[in-house]
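# Results of the structural survey
Chain residues, written in single-letter form:
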Amino acid sequence: MEILVQSQNDILKILAAVCLVLGCFSLIIRYRAHSMKYSLVGVEFGAAALMIADLFAQYYNGDGSRFGFYAVRTACFFYYFLINFEILAFNRYIICLITGRGKLKEPPKGLKVCSLLSLSGIALIAVSQFTGVCYTFDSSNVYRRGSLFFLFFLITAASFVFQLINVVRFRKYISSSIRSALIVFMILPVISAVLRVFMRDFSILNMSIALTAIFQYIVALVDQNNILMKSASTDALTGLHNQYGFLAAVDRVKEQHDIRNYNTYYIDIARMGQFNKRYGSDNGDLIIKEFGLNIAAQLEKDEILGRLGGNFFIALVNKDNSEQFLNYLREVPVKIKIGDEIETINVSSVAGGYEISDKHIVSEHVIGNAALAANIAKNVMKKPFTYLTQEILEKINESRQLEERIPSALKDGEFLPYYQPKVDVDRMELCGAEALARWEYDNLVVSPAKFIPVMEKDDSICRLDFYILDRVCKDVAGWIEQGLEPPCISVNFSRRNLGNPVLAEEIHNVVVDNNIPEKYIQVEITETIDEYPLSYLKGVVEALQGYGINVAIDDFGTGSSSINLLREISFDVLKIDRQFIECRSEKERKLLEHIINIAHDIDSRVIAEGVEQMDQIKMLKDYGCGQIQGYVFDKPLKKSEFEERMKRKKYG
Ligand code: C2E
Ligand code: MG
Ligand code: MG
């Protein structure tokens, strides 16, 4: 005991220094909430100041000088004031822990009472400074307790008790580690207050407050770290793993099991946009959450589900349970609240699966490969599910190789137009042609079905279109020079070009630069206009027509807004798609007949493409379609072969 009393001042100095440093740290470090940061700053600096006030009080206690007279009184005032200030700051910290999103909206009454008690403690000390009711000094300037000292003691003890009760009462809002630490902290000053009765010469109560402040800082930091770690790996909406959490969980499975026994599934909720529109975005969030939690409920202990954001989930499922899992995925029942009613909707999804076969697979690849499969299922195969098969991988590889080769192929002129004749079936004469791009390399002719989808992924398709147009214009110029009579040649322009604000002008410039009259060139644009508003297409068509270049609508009848398109835009030519010519039923025949009639009625010419049989020619002729393009006459021809057709002109 004596040693303690002797080293009291040193202990106070050390505690003051530590609390000062921690106060500075609290100022620098970012916390979850500003209020939490400032309550911690207050606690730490308050504790440091309390230690310093205690030191001053000890030092000048009994100092009869004039300076000592004021110093000991000032120190004592701060000493008692800071005890209450500490309780206030601590109180603020507890309020921060138990209020906020998903917790209490308002601080509980008990803690408000605690704040009031501390404030009244401060008032009592202020009064005591002048009246000496709590503490006083004798003629030698030595500290003495006043008659109401017990009141101050009671206020302090009651504040701690109120805090303790509230921490216990609202424990569910406080993480377990911080809760137990808090309880220990609050019991510590209470115990030391009792001990103080027996250890009159030792500042045990103040020291325990400083220790509490130090522990509180450590626990707050650890708690914040835990929360950050958890939120870094948890999805806020569903409480499932996020991508990082999923990868960490996969790593754990890899350590404990053979990862080759598992498949991964990338799941994309279907029609999410429609759900949001129909039920509102709050219900949309609820659908995502319920969907995830329902799937999670199907999984075994060693299986994992994570949400990658939006409506995308990723699952690691044991191969033995995969079939059952996929069956469940077909239609996941999800409950939502519409008004007062609870409605169950069946949520389907598009998914991609990947069968893990490599024991040492990089965890990121289990997500990437399943995502690739889902992308293929959705955008290429238009199916709700596929596994990433060897065949699919080969196709992707092939398309990647093409992708890599395209820029140099464009530069080296490996693309060229083939010409597919259009025939006037009334006169059985060549009346036009469509330029169709072919890619010739290594003595191979690659069809557009392979390279167009790849080129449409970026803007290289636009470069191709202009390249083909230029080649066609040069060919036409050459034919005119040779004295041949070239017909109008139509050139395809991808709808990706619609993003170009000077598209019509640039097309016209190519024609003018090649010195050929505009009548030799027609532009074909496909009907689908999903990427750009109709007004863009309308602007381009009208501008081209203004330059004297005809525009045809390609693949007419395959889009979803064909009639609307005709209402808005006047095309020179309507090119009826092959699907419409096949005419397998009376209804389809009627439709074809009416489409041809509509074209005539709105002063558009009409041409049928993809005609393969003679009886189709007769039918189209009967319905009033006089121009035909199809294998029945010619396939797309090389330039030299097409020149022969131009010379011959007639079809038998
Ligand atoms: P499209 O513009 O609708 O061209 C008609 C397609 O139908 C051509 O396929 C043609 O060879 C084919 N075809 C013509 N008659 C028949 C027939 O009787 N039976 C069958 N089964 N098919 C027939 P191709 O040349 O493979 O071109 C496919 C598509 O690629 C074109 O469809 C067009 O959308 C696109 N394409 C071709 N060249 C270009 C180009 O230079 N630029 C752009 N943007 N797209 C192009
Ligand atoms: Mg075309
Ligand atoms: Mg077409």
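See the structure shown above.
So, here is what we can say about the structure in this document. Quick caveat, the model's predicted, so the values are computed rather than measured.

## Remarks on the layout of surface pockets
Considered as a void within the structure, the largest pocket measures approximately 1,400 Å³ in volume. Along the walls of the largest pocket sit 43 residues, with Leu436, Pro448, Thr526, Asp554 and Asp555 positioned nearest its centre. Of all the secondary structure elements, the ones that give two or more residues to the lining of the largest pocket are strand 11 (429–441), helix 15 (448–455), helix 16 (460–482), strand 13 (488–493), strand 14 (521–526), strand 15 (550–556) and helix 20 (578–581). The greatest single-element share of the lining of the largest pocket, amounting to five residues, is contributed by strand 11. Here the lining of the largest pocket is composed, by residue class, of 15 nonpolar, 11 polar and 17 charged. By volume, the second largest pocket is sized at about 980 Å³. Looking at the second largest pocket, it is lined by 29 residues, and the ones nearest its centre are Arg32, Arg101, Lys103, Ile227 and Ser231. Sorting the residues of the lining of the second largest pocket by element identifies helix 3 (34–60), helix 4 (66–98), helix 7 (176–198) and helix 8 (204–233) as the ones contributing at least two each.

## A few points about empty space enclosed by the protein
This structure, assessed with the given rule, holds two cavities of 30 Å³ or more. In this structure, the largest cavity spans a volume of roughly 70 Å³. Taken together, Val43, Glu86, Ile87, Phe90, Phe160, Pro189, Ile209, Thr212, Ala213 and Gln216 form the lining of the largest cavity. Elements represented by at least two residues in the lining of the largest cavity include exactly helix 4 and helix 8. Counting residues per element, the lining of the largest cavity draws most heavily on helix 8, which supplies four residues. Considering only enclosed or pocket space, the second largest cavity measures out at about 50 Å³ in volume. If you trace the second largest cavity, you find it lined by Phe153, Thr156, Ala157, Phe160, Pro189, Val190, Ala193 and Leu205. Listed by contribution, the elements that provide at least two residues to the lining of the second largest cavity are helix 6 (149–169) and helix 7.

## Quick look at the sheet that holds strand 3 (residues 262–269)
If you walk across this open sheet you meet the five strands as 4-5-3-8-9, and the pairing is mixed. The sheet terminates laterally at strand 4 (304–309) and strand 9 (385–387), the two strands that pair on one side only. Between one strand axis and the next, the sheet turns by 20 degrees as a mean value, whatever way the strands run. Two elements, strand 8 (residues 349–355) and strand 9, share three bridges in a ladder whose sense is parallel.

## Details of the site of ligand 1
The immediate surroundings of ligand 1 are formed by 23 residues, with Glu434, Asp465, Asp554, Glu612 and Tyr631 found nearest. Gln420 is positioned such that a nitrogen or oxygen atom in its side chain is 3.0 Å from a nitrogen atom of ligand 1. Separating an oxygen atom of ligand 1 from a backbone N or O atom of Val611 is a distance of 3.4 Å. Listed by contribution, the elements that provide at least two residues to the shell around ligand 1 are strand 11, helix 15, helix 16 and strand 15. The leading source of residues in the shell around ligand 1 is strand 11, at four residues.

## Comments concerning a nonpolar patch on the surface
Where nonpolar side chains cluster on the molecular surface, the patch consists of Ile187, Val190, Ile191, Val194, Leu195, Val197 and Phe198 and spans about 610 Å² of accessible area. Along the polypeptide, Leu195 turns up in helix 7.

## Some words on the packing of helix 4 against helix 7
Packing of helix 4 against helix 7 brings their axes to within 12 Å, and their N-to-C directions diverge by 160 degrees. Accordingly, the angle class assigned to the pair helix 4 and helix 7 is roughly antiparallel. Relative to helix 7, helix 4 is oriented so that their crossing is left-handed. Between helix 4 and helix 7, the contacting residues are Tyr79, Phe90, Tyr93, Ile94 and Leu97 on the first element and Ile178, Leu182, Phe185, Met186 and Arg196 on the second.

## A look at the environment of Ile83
When you line up the elements, Ile83 lands in helix 4. The buried category is assigned to Ile83, whose relative accessible area is 2%. Distance from Ile83 to Gly432, taken between C-alpha atoms, is 98 Å for residues 349 residues apart in sequence. Non-local contacts of Ile83, meaning those with residues more than four positions away in its chain, are made with Leu50, Phe152, Thr156, Asn206 and Ile209.

## Brief notes about the packing of aromatic side chains
Summed over the entire model, instances satisfying the criterion amount to 33 aromatic pairs. With a centroid separation of 6.0 Å and 40 degrees between ring planes, the pair formed by Tyr265 and Phe385 is classed as tilted. You can see Tyr265 sitting in strand 3 and its partner Phe385 sitting in strand 9, a full 120 residues away along the chain. Considering the side-chain rings of Phe415 and Trp439, the 5.0 Å spacing of their centres and the 35 degrees angle between planes classify their relative orientation as tilted. Remark: Trp439 occurs in strand 11 and Phe415 occurs in strand 10 (residues 415–424); sequence separation between them is 24 residues. The exposure class assigned to Phe415 is buried, which follows from its relative accessible area of 0%. The class of Trp439 is buried, set by a relative accessible area of 0%. The ring of Tyr441 has Arg405 lying over it, and the distance from NZ or CZ to the ring centre is 4.3 Å. The ring of Tyr418 carries the charged tip of Arg438 above its face, separated from the ring centre by 5.6 Å.

Quick notes on the rules
Residues numbered from 1 in each chain as written. Chains lettered and ligands numbered in written order. Predicted model: local features only at pLDDT ≥ 70, side-chain atom pairs only at ≥ 80, totals over all residues. Heavy atoms only, no water. 1 Å grid on protein atoms, 1.4 Å probe; cavity = no way out; pocket = protein on both sides within 12 Å on 5 of 7 lines; lining within 4 Å. Points joined across faces, edges and corners; volume = space filled by probe spheres on them. Helix = DSSP H or I, 4+ residues; strand = E, 2+ residues; numbered from the N terminus. Nonpolar A, V, L, I, M, F, W, Y, C, P; charged D, E, K, R; others polar. Pairing = 2+ DSSP bridges. Axes fitted to C-alpha atoms, helices over the stretch in contact; angles between N-to-C directions. Near = heavy atom within 4 Å. Polar contact = N/O pair within 3.5 Å; in protein donor to acceptor, adjacent residues only side chain to side chain. Patch = residues over 30% accessible without salt bridge, like charges linked within 9 Å, V, L, I, M, F, W, Y side chains within 5 Å. Areas by Shrake-Rupley, 256 points an atom, 1.4 Å probe, with all protein chains shown as cover. Salt bridge = Lys/Arg side-chain N within 4 Å of Asp/Glu carboxyl O. Parallel < 35°, antiparallel > 145°, perpendicular 65-115°, else oblique. Left-handed = near helix turned anticlockwise from the far one by under 90°. Contact = heavy atoms within 4.5 Å. Buried < 20%, exposed > 50% of the residue type's maximum accessible area, 1.4 Å probe, protein only. Phe/Tyr/Trp six-rings, centres within 6.5 Å; stacked < 30°, edge-to-face > 60°. Lys NZ or Arg CZ within 6 Å of the ring centre and 35° of its normal.

Keep in mind these numbers describe shape, not what the thing actually does.
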